[in-house]
Amino acid sequence: MAEIRIRNTNERISGEENVKAFLDKQEVLYEHWNASKLPAQLQEKFTLTDENKAEILSTFDAEIRDLASRRGYRTWDVIALSDATPNLDELLKKFEQVHTHTEDEVRAITAGKGIFIIKGTEDVGYFDVELEAGDVISVPEHKPHFFTLMENRQIVAVRLFIETEGWIAHPFADASFQK
């Protein structure tokens, strides 16, 4: 279940309803899918074949199509990151810069853990959303944020897009952001 840490105060928010209520106020969509429906052999697998990715998409097809129809997403894929990922640290440097998009950034975590750092309202500032299997998040277009891995450095996520070109980031310079 997702947990939030507000960076300015170090306050933590947990529990699905509390997390959802906080993120709703920040205009961030949060949902939860049943991650246990993923076949056992894929629940802790972070190096995936094309067949594995197709199986993940097939397993969550109803949830993906429901979310896509409600939010206008037209394409989706699976991303897997772990220490086995070639050039992982270089790839993370690209993700770990505050940026925006011209569409929502959507992730449905199917295995592992990850964290979105998001710029909230003026009274909140930046906050961390720690995600695990089953958590689904959609950061709205133009909202400054970035994503990175947590200490286990392993994640598998379904990504949904409106733009068929996929992930396109626009750097966001913010002197108030501190890593």
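Residues numbered from 1 in each chain as written. Predicted model: local features only at pLDDT ≥ 70, side-chain atom pairs only at ≥ 80, totals over all residues. Heavy atoms only, no water.

K.L.:
I keep staring at the UniProt feature "site: Important to generate the dianion" (unreviewed entry) in the protein and nothing clicks. Help me out?
P.N.:
According to UniProt, the "site: Important to generate the dianion" (unreviewed entry) feature falls on Arg107. Looking at where Arg107 falls in the secondary structure, it is placed in strand S6 (residues 105-119). By relative accessible area, which is 7% here, Arg107 ends up buried. Here Glu105 takes part through its side chain, which lies 3.1 Å from a polar atom of the side chain of Arg107. (UniProt positions renumbered as here; feature names shortened; annotations may be inferred. Helix = DSSP H or I, 4+ residues; strand = E, 2+ residues; numbered from the N terminus. Buried < 20%, exposed > 50% of the residue type's maximum accessible area, 1.4 Å probe, protein only. Polar contact = N/O pair within 3.5 Å; in protein donor to acceptor, adjacent residues only side chain to side chain.)

K.L.:
Looking at this model, I keep getting lost on the packing of aromatic side chains. Mind explaining?
P.N.:
We describe a pair of aromatic rings using the distance from one ring centre to the other and the angle between the two ring planes. Following the criterion strictly, the structure yields 3 aromatic pairs and no others. When the ring of Trp33 is compared with that of Phe60, the centres are 5.6 Å apart and the planes differ by 25 degrees; the resulting orientation is stacked. Separated by 27 residues along the polypeptide, Trp33 in the loop between strand S3 (29-32) and helix H2 (50-59) and Phe60 in the loop between H2 and helix H3 (61-71) bring together distant segments of the chain. Phe60 matches Trp33 in its accessibility class, with the two residues each being buried. (Phe/Tyr/Trp six-rings, centres within 6.5 Å; stacked < 30°, edge-to-face > 60°.)

K.L.:
Sorry, what's going on with the packing of H2 against H3 here?
P.N.:
In helix packing, the relevant descriptors are the interaxial angle and the interaxial distance, both defined with respect to the helix axes. The geometry of H2 relative to H3 is characterised by a closest axis approach of 4 Å and an angle of 65 degrees between their N-to-C directions. Comparing their axes, H3 and H2 come out roughly perpendicular. Here Leu57, Ser58 and Thr59 of H2 come into contact with H3, specifically with Asp61, Glu63 and Ile64. (Axes fitted to C-alpha atoms, helices over the stretch in contact; angles between N-to-C directions. Parallel < 35°, antiparallel > 145°, perpendicular 65-115°, else oblique. Contact = heavy atoms within 4.5 Å.)

K.L.:
Please clarify how the nonpolar core should be interpreted in this entry.
P.N.:
One recurring pattern in soluble globular proteins: nonpolar side chains tend to sit buried together. Of all hydrophobic cores here, the largest spans 26 residues; its most connected members are Ile4, Leu23, Phe127 and Val129. Not counting the four nearest positions on each side in its chain, Leu23 is found in contact with Ile4, Val28, Tyr30, Phe127 and Val129. With 21 residues, the next largest nonpolar core counts Trp33, Leu42, Ile64 and Val106 among its residues. (Core = buried A, V, L, I, M, F, W, Y, C linked by side-chain atoms within 4.5 Å.)

K.L.:
Looking at this model, I keep getting lost on the side chain of Thr59. Mind explaining?
P.N.:
With respect to the helices and strands, Thr59 occurs in helix H2. A relative accessible area of 18% places Thr59 in the buried class. Those residues in contact with Thr59 that lie beyond four places of it in its chain are Lys37, Leu38 and Pro39.

K.L.:
Hey, could you run me through helix H1 (residues 16-25) in this one?
P.N.:
For the α-helix, the turn length of 3.6 residues means that residues three or four positions removed from each other point alike. Within H1 the residues assigned to the buried category are Val19, Phe22 and Leu23. An end-on view of H1 places all buried positions within 95 degrees of arc, on one side of the element. Of the exposed residues in H1, the ones pointing more than 90 degrees away from its buried face are Glu17 and Lys25. Buried residues in H1 make contact with strand S1 (3-6), strand S2 (12-13), S3 and strand S7 (126-132). Glu27 occupies a position one or two residues after H1 and carries a positive phi of about 65 degrees. (Arc of directions from axis to C-beta.)

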